[in-house]
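Report on the structure
Below are the chains, spelled out letter by letter.
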Amino acid sequence: MTFVPTRQHFQEAAAAVRGFTTLQPQIALVLGSGLNPVAEQVEDAVSVPYADIPHFPVSTIPGHQGRLVIGRLEGHPVIVMQGRAHYYEGYSMQQVTMPIRVFRQLGVETLILTNAAGGLNKQFRTGDLMLLTDHINLVGMAGENPLRGPNDPTLGPRFLDMSKTYDRQLRELAMAVAAEQELPLHQGVYVGLAGPTFETPADVRFLRMIGGDAVGMSTVPEAIVARHGGMRVMGVSGISNVAIDVIDGQGEASHEEVLEAGALLAPRMTSLVRGVLASL
Ligand code: HPA
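Summarised in this report is the structure supplied together with it. Since the structure is predicted, the reported quantities are computational estimates derived from the model, not experimental observations.

1. Here's the deal with the overall build of the protein chain
- In terms of regular secondary structure, the protein chain is built from 8 helices and 9 strands.
- By the compact-globule yardstick of 19 Å for 280 residues, the protein chain fits well, its C-alpha radius of gyration being 18 Å.
- A principal-axis box enclosing the C-alpha atoms of the protein chain has dimensions of 50 × 45 × 35 Å.
- The buried share of the protein chain, taken over its 280 residues, is 52%.
- For the protein chain, contacts bridging at least 24 residues in sequence account for 83% of all contacts bridging at least 6.
- For the protein chain, the accessible area works out to roughly 12,400 Å², and carbon and sulfur atoms hold 51% of it.
- Charge centroids of the protein chain, computed over 20 positive and 27 negative side chains, lie 7 Å from each other.

Right under this line is the structure:
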């Protein structure tokens, strides 16, 4: 039986985090592959390795640092996850989303999720940013939902509305900030898959057909749990590669390519996130 963390585990982890800082962040930021540099902007930063937080899942993936950075960004106390655990690493959906539960215990009300994603939309190029308007939870449709199992009503409702997942005000703010910064920002639908395999060309054509604009291996479970806990959520994908839709084509998808794109994406993501925080 895999480990299913409960409220008590979330509280123990939150108590451990409180031992490292007196700040009370109301905003949390999760950084995807290649986006670690965003955390370097945090002032008066305290770093907490995930391994020092009881029950916290530790990422095993290169490019995922595995620590919390707590400090100030644009005047707001923030908690930043440098790296996340993924379902494909063997963690349960409940483990993958545990950090979000811990942030809620700490008093976080706004969650900004970032990720590296493959571009499905034919307009998208490597280095582009996409604001999530919605997602398709393919893994959840197949049964692996982080809310599966007994519901703790002190954490959130048994049945959760998902028609307002990505907060409208935050989306409008992000679009306004991007326009002001002359930073191109697409809007679109993120498709969440389990990974760790990249998509076949037939997968890519299917995902496009069902309405996906970008595809990745994270974010969806975290967004669900954040909404379950009543948090406001914003999601941004950094397009790290263009998904390959023909067989026997020239390129190949690789994690190295995803990390390399981070050099292009991190400054843009930083600029957008800072802009949004500055207007909050
Ligand atoms: N597919 C799935 N996940 C990803 C991709 C991709 O092309 N790029 C970055 N994460």
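2. A look at the pattern of salt bridges
- Tallying each qualifying case throughout the model produces 5 salt bridges.
- Between Glu172 and Arg168 there is a salt bridge, with the nearest N and O atoms lying 3.0 Å from each other. Here the residue Glu172 and the residue Arg168 both occupy positions in helix H5 (residues 168-181), the gap between them amounting to 4 residues, near one helical turn.
- Owing to a relative accessible area of 45%, Glu172 belongs among the partly exposed residues under this scheme.
- The partner of Arg208 in a salt bridge is Asp245, with the nearest N and O atoms 2.9 Å apart. Residue Arg208 is found in helix H6 (residues 201-209), and its partner Asp245 is found in the loop between strand S9 (232-242) and helix H8 (255-279); the two are separated by 37 residues along the sequence.
- Look at Arg208 and you get partly exposed, because its relative accessible area is 24%.

3. Quick look at the site of the ligand
- Inspection of the region around the ligand gives Ala116, Ala117, Gly118, Phe198, Glu199, Val215, Gly216, Met217, Ser240, Asn241 and Val258 as its neighbouring residues.
- Within the backbone of Ala116, one N or O atom sits 3.3 Å away from a nitrogen atom of the ligand.
- Ser240 is positioned with one of its side-chain polar atoms (N or O) 3.5 Å from a nitrogen atom of the ligand.
- Burial of the ligand by the protein chains amounts to 94% of its free accessible area of 260 Å².
- Here the ligand is seated within the second largest pocket.
- Looking at the shell around the ligand, the elements with two or more residues in it are strand S5 (110-119), strand S8 (214-216) and S9.
- A per-element tally of the shell around the ligand places S5 first, with 3 residues.
- The residue makeup of the shell around the ligand, split by class, is 6 nonpolar, 4 polar and 1 charged.

4. A word on unusual backbone geometry
- Geometrically, the link from Gly195 to Pro196 is a cis peptide bond, its omega value of 0° lying close to zero.
- Here Pro196 is to be found in the loop between strand S7 (185-192) and H6.
- Its identity is not glycine, yet His55 carries a phi of approximately 70°, on the positive side.
- Mapped onto the fold, His55 is located in the loop between strand S2 (43-49) and strand S3 (67-73).

5. Brief notes about the layout of surface pockets
- In this structure, the largest pocket encloses a volume near 500 Å³.
- Elements with a minimum of two residues in the lining of the largest pocket: helix H1 (7-18), helix H2 (93-96) and helix H7 (220-228).
- A class-by-class count of the residues in the lining of the largest pocket yields 12 nonpolar, 9 polar and 5 charged.
- Roughly 320 Å³ of internal volume is contained in the second largest pocket.
- Ser33, Ala116, Phe198, Met217 and Val258 are the residues nearest the centre of the second largest pocket, which is lined by 22 residues in total.
- Only S5, S8, S9 and H8 provide two or more residues apiece to the lining of the second largest pocket.
- Top element by residues in the lining of the second largest pocket is S5. It accounts for 4 residues.

6. Considering the environment of Arg104
- Checked against the element boundaries, Arg104 lands in helix H3 (residues 98-105).
- Relative accessible area serves as the criterion here: at 31%, Arg104 is assigned to the partly exposed category.
- When the C-alpha positions of Arg104 and Ile27 are compared, they lie 9.9 Å apart, and in sequence the two are 77 residues distant.
- Here Arg104 is in contact with Glu109, Gly229, Gly230 and Met231, once residues within four sequence places are set aside.
- Among the polar contacts made by the side chain of Arg104, one reaches the main-chain carbonyl oxygen of Gly229 at a distance of 2.6 Å.

7. Points about the packing of aromatic side chains
- Counting across every chain of the model gives 1 aromatic pair.
- Ring geometry for Tyr50 against Phe56: centres 5.1 Å apart, planes inclined by 50°, an arrangement best described as tilted.
- Judged by relative accessible area, which is 1%, Tyr50 ranks as buried.

What counts and how
Residues numbered from 1 in each chain as written. Predicted model: local features only at pLDDT ≥ 70, side-chain atom pairs only at ≥ 80, totals over all residues. Heavy atoms only, no water. Helix = DSSP H or I, 4+ residues; strand = E, 2+ residues; numbered from the N terminus. Rg over C-alpha atoms; globule rule 2.2 N^0.38 Å. Buried < 20%, exposed > 50% of the residue type's maximum accessible area, 1.4 Å probe, protein only. Contact = heavy atoms within 4.5 Å. Areas by Shrake-Rupley, 256 points an atom, 1.4 Å probe, with all protein chains shown as cover. Lys, Arg positive; Asp, Glu negative; His and termini not counted. Charge placed at Lys NZ, Arg CZ, Asp CG, Glu CD. Salt bridge = Lys/Arg side-chain N within 4 Å of Asp/Glu carboxyl O. Near = heavy atom within 4 Å. Polar contact = N/O pair within 3.5 Å; in protein donor to acceptor, adjacent residues only side chain to side chain. 1 Å grid on protein atoms, 1.4 Å probe; cavity = no way out; pocket = protein on both sides within 12 Å on 5 of 7 lines; lining within 4 Å. Sits in = over half its atoms within 2 Å of the grid points. Nonpolar A, V, L, I, M, F, W, Y, C, P; charged D, E, K, R; others polar. Points joined across faces, edges and corners; volume = space filled by probe spheres on them. Phe/Tyr/Trp six-rings, centres within 6.5 Å; stacked < 30°, edge-to-face > 60°.

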